[in-house]
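# Geometric and topological summary
Here's the letter readout for the chains.
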Amino acid sequence: LPFRDLFEYNYNPSSLTSFRVDKVSGDFATGSKTFDYSGYQWIAQKKNNTWEIVWKGQEIPLCSDMKKYEIPEEIYQQCYTPE
C-alpha cells in the first residue's frame, strides 16, 4: 500500500490504530487516521513519485491552505475562510 508509509506505527495491543483512504484523484488523496479515541483527516500529494501529507486536522480545512497546495475541490469538498 503506497499510503502506509505516511503513518508511524507502534504496536500497542491496548489501542486501536488504523488509517483509511477515502479518495484518490490524480496526485492527491484524502482519508483519515484513527488512534485510541482520537483521529484526524489528512490530505496527501504525490511528489517525485512519493506521497507526502500536506494537510491534516480535525476541522474543516482553511481555504487558504487548499489554495496554497493547489488541492482540487473534489478532494477537500469544503473549506472555510475565517472572518
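For the structure itself, consult the block above.
Notes on the structure in this doc start here. These numbers were taken from a predicted model, which means no experiment stands behind them. (Residues numbered from 1 in each chain as written. Predicted model: local features only at pLDDT ≥ 70, side-chain atom pairs only at ≥ 80, totals over all residues. Heavy atoms only, no water.)

### Things to note about the overall build of the protein
Assigned secondary structure in the protein consists of two helices and four strands. Order of helices (α) and strands (β) in the protein, N terminus to C terminus: β-β-β-β-α-α. In the protein, buried positions account for 28% of the 83 residues. Long-range pairs, those at least 24 residues apart, make up 25% of the contacts in the protein with a sequence separation of at least 6. Split by element, the accessible area of the protein, about 6,100 Å² in all, is 45% carbon and sulfur. (Helix = DSSP H or I, 4+ residues; strand = E, 2+ residues; numbered from the N terminus. Buried < 20%, exposed > 50% of the residue type's maximum accessible area, 1.4 Å probe, protein only. Contact = heavy atoms within 4.5 Å. Areas by Shrake-Rupley, 256 points an atom, 1.4 Å probe, with all protein chains shown as cover.)

### Section: the state of the cysteines
The final tally for this structure, using the stated rule, is one disulfide. Bridging Cys63 to Cys79, the disulfide has an S-S length of 2.1 Å. Handedness of the Cys63-Cys79 disulfide follows from its S-S torsion of about 95°: it is right-handed. Here Cys79 lies in the segment after helix 2 (73-76) and Cys63 lies in helix 1 (residues 63-68), a separation of 16 residues in the sequence. (Disulfide = S-S within 2.5 Å.)

### Thoughts on the sheet that holds strand 1 (residues 17-25)
A sheet is described by the order of its strands in space; here four strands give the open sequence 1-2-3-4, paired in antiparallel fashion. With one partner strand each, in any of the chains shown, strand 1 and strand 4 (50-57) form the two edges of the open sheet. Recorded for the sheet is a direction-independent mean angle of 25° between the axes of neighbouring strands. (Pairing = 2+ DSSP bridges. Axes fitted to C-alpha atoms, helices over the stretch in contact; angles between N-to-C directions.)

### Observations concerning the nonpolar core
Of all hydrophobic cores here, the largest spans eight residues; its members are Phe28, Ile43, Val54, Trp55, Met66, Ile71, Ile75 and Tyr76. At the level of secondary structure, the elements contributing two or more residues to this core comprise strand 4 and helix 2. Not counting the four nearest positions on each side in its chain, Tyr76 is found in contact with Ile43, Pro61, Met66 and Ile71. Listed in part, the six residues of the second largest apolar core include Ala29, Tyr40, Ala44 and Trp51. (Core = buried A, V, L, I, M, F, W, Y, C linked by side-chain atoms within 4.5 Å.)

### Comments concerning the pattern of salt bridges
Under the defined criterion, the tally for this structure stands at two salt bridges. In this structure, Asp22 engages Arg20 in a salt bridge whose closest nitrogen and oxygen atoms are separated by 2.5 Å. Judged by its relative accessible area of 43%, Asp22 is partly exposed. Judged by its relative accessible area of 52%, Arg20 falls in the exposed class. (Salt bridge = Lys/Arg side-chain N within 4 Å of Asp/Glu carboxyl O.)

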